[in-house]
Amino acid sequence: MHPYAALTPEVVLDAVDALGLRTDGRLLALSSYENRVYQVWLEDDTAVVAKFYRPGRWSDAQIDEEHAFAHELAEREIPVVAPMHSSSFSGFRLAVYPRRGGRTPELGDPKALEWIGRFLGRIHAVGATKPFIHREALTPQIFGHDARAYLLKSALVPADLVEAWKAVTEQALQLVEACYARAGETRAIRLHGDCHPGNILWTHEGPHFVDLDDARMGPAMQDLWMLLSGDRAAMSRQLSEVLRGYEQFMEFDRTELNLLEALRTLRLIHYSAWIARRWDDPAFPAAFPWFNTQRYWQDRILELREQIALMQEEPLAVD
């Protein structure tokens, strides 16, 4: 039986009640696969967000580092949603957050990109002051080679595509290593780690950042490249706008431009391994029914071939 089978609605409500928050019996499961996240209503008709960490993924020390980083940022008036409470209950580690609404930012708006860049620069300026001690780092070994090895052992890659997938991932990871070599000794800092547009919520007051679950040590570019889309010219314009805000608070090392497509490649390989590692969780086959199909792996092979070509191009030029 999967550990989350024990996380019944009663356990969720009891866990929040145990923190001194009086629930009124209503809860709503929110979209989350790695963890289980619920909006829970209280007797005063307000609501909080309760996050139950996936058992075995992070240690208590690693979770504590995530929470400490969030509080460190919030104390400096950087708009990051930090936990109100952190505890353990019935075998689950949980955190309770204030509910914060918002919409996905308009990344086609140069002013929005600059605004996001300013806050990312402030996040990284704080992140650079000291390292994480316990949390996993973002490296080609962990996100690339280890993820590839896991998938090859998993037998989830269709037999008739294994050799093609094996060859394309080997070539892709060789080029990832070459990109890192071109970048040289880049600085690893504490990062948000998963700064895609869905983790940035926009209100009339501007952006705020949620979900530091993937916070880790790594290059600053990791928190920037997921804001970019389109062709090279479009991405160059977007990155220039982000850096216009970012560099008001934190210098960006231009050698990290060599890592943009390498980091995208690592994410693609790591994402497939992430689903494979969670395949025993009933929520994953239900949410990703296409994962173990021929079409999925054919598309991944084509995607990685495109990345191989992109990693051989010159890095983006920015203002």
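From a predicted model like this one, the values you see are computed outputs, not experimental measurements. (Residues numbered from 1 in each chain as written. Predicted model: local features only at pLDDT ≥ 70, side-chain atom pairs only at ≥ 80, totals over all residues. Heavy atoms only, no water.)

Draft legend 1. Layout of the sheet that holds strand S4 (residues 85-89). Pairing is antiparallel across the open sheet formed by five strands, whose spatial order is S1-S2-S3-S5-S4. With partners counted over all chains shown, the strands left at the sheet margins are strand S1 (23-29) and S4, one partner each. The mean angle between the axes of side-by-side strands here comes to 30 degrees, regardless of whether they run parallel or antiparallel. In the sheet, strand S2 (residues 36-42) pairs with strand S3 (residues 47-52) via six bridges, with the strands oriented antiparallel. In the sheet register, Arg36 faces S3, and the bridge partner there is Phe52. Contacting S3, S4 and strand S5 (92-98), helix H2 (residues 60-75) runs over the sheet at an angle of about 10 degrees to S5. (Pairing = 2+ DSSP bridges. Helix = DSSP H or I, 4+ residues; strand = E, 2+ residues; numbered from the N terminus. Axes fitted to C-alpha atoms, helices over the stretch in contact; angles between N-to-C directions. Contact = heavy atoms within 4.5 Å.)

Draft legend 2. Broad picture of unusual backbone geometry. Not every positive phi belongs to a glycine, and Ser90 is a case in point at roughly 50 degrees. With respect to the helices, strands and loops of the structure, Ser90 is situated in the loop between S4 and S5. Backbone geometry places Asp211, a non-glycine residue, at a positive phi of 65 degrees. Topologically, Asp211 is positioned in the loop between strand S8 (206-209) and strand S9 (216-218). Assessed through its relative accessible area of 35%, Asp211 is described here as partly exposed. (Buried < 20%, exposed > 50% of the residue type's maximum accessible area, 1.4 Å probe, protein only.)

Draft legend 3. How the structure looks around the pattern of salt bridges. On inspection of all chains with the given rule, the structure shows 26 salt bridges. The salt bridge involving Asp45 is made with Arg26; its shortest N-O contact spans 3.0 Å. Taken together, the residues Asp45 in the loop between S2 and S3 and Arg26 in strand S1 connect sequence positions 19 residues apart. For Asp45, a relative accessible area of 55% puts it in the exposed group. Its relative accessible area of 38% is what places Arg26 among the partly exposed residues. (Salt bridge = Lys/Arg side-chain N within 4 Å of Asp/Glu carboxyl O.)

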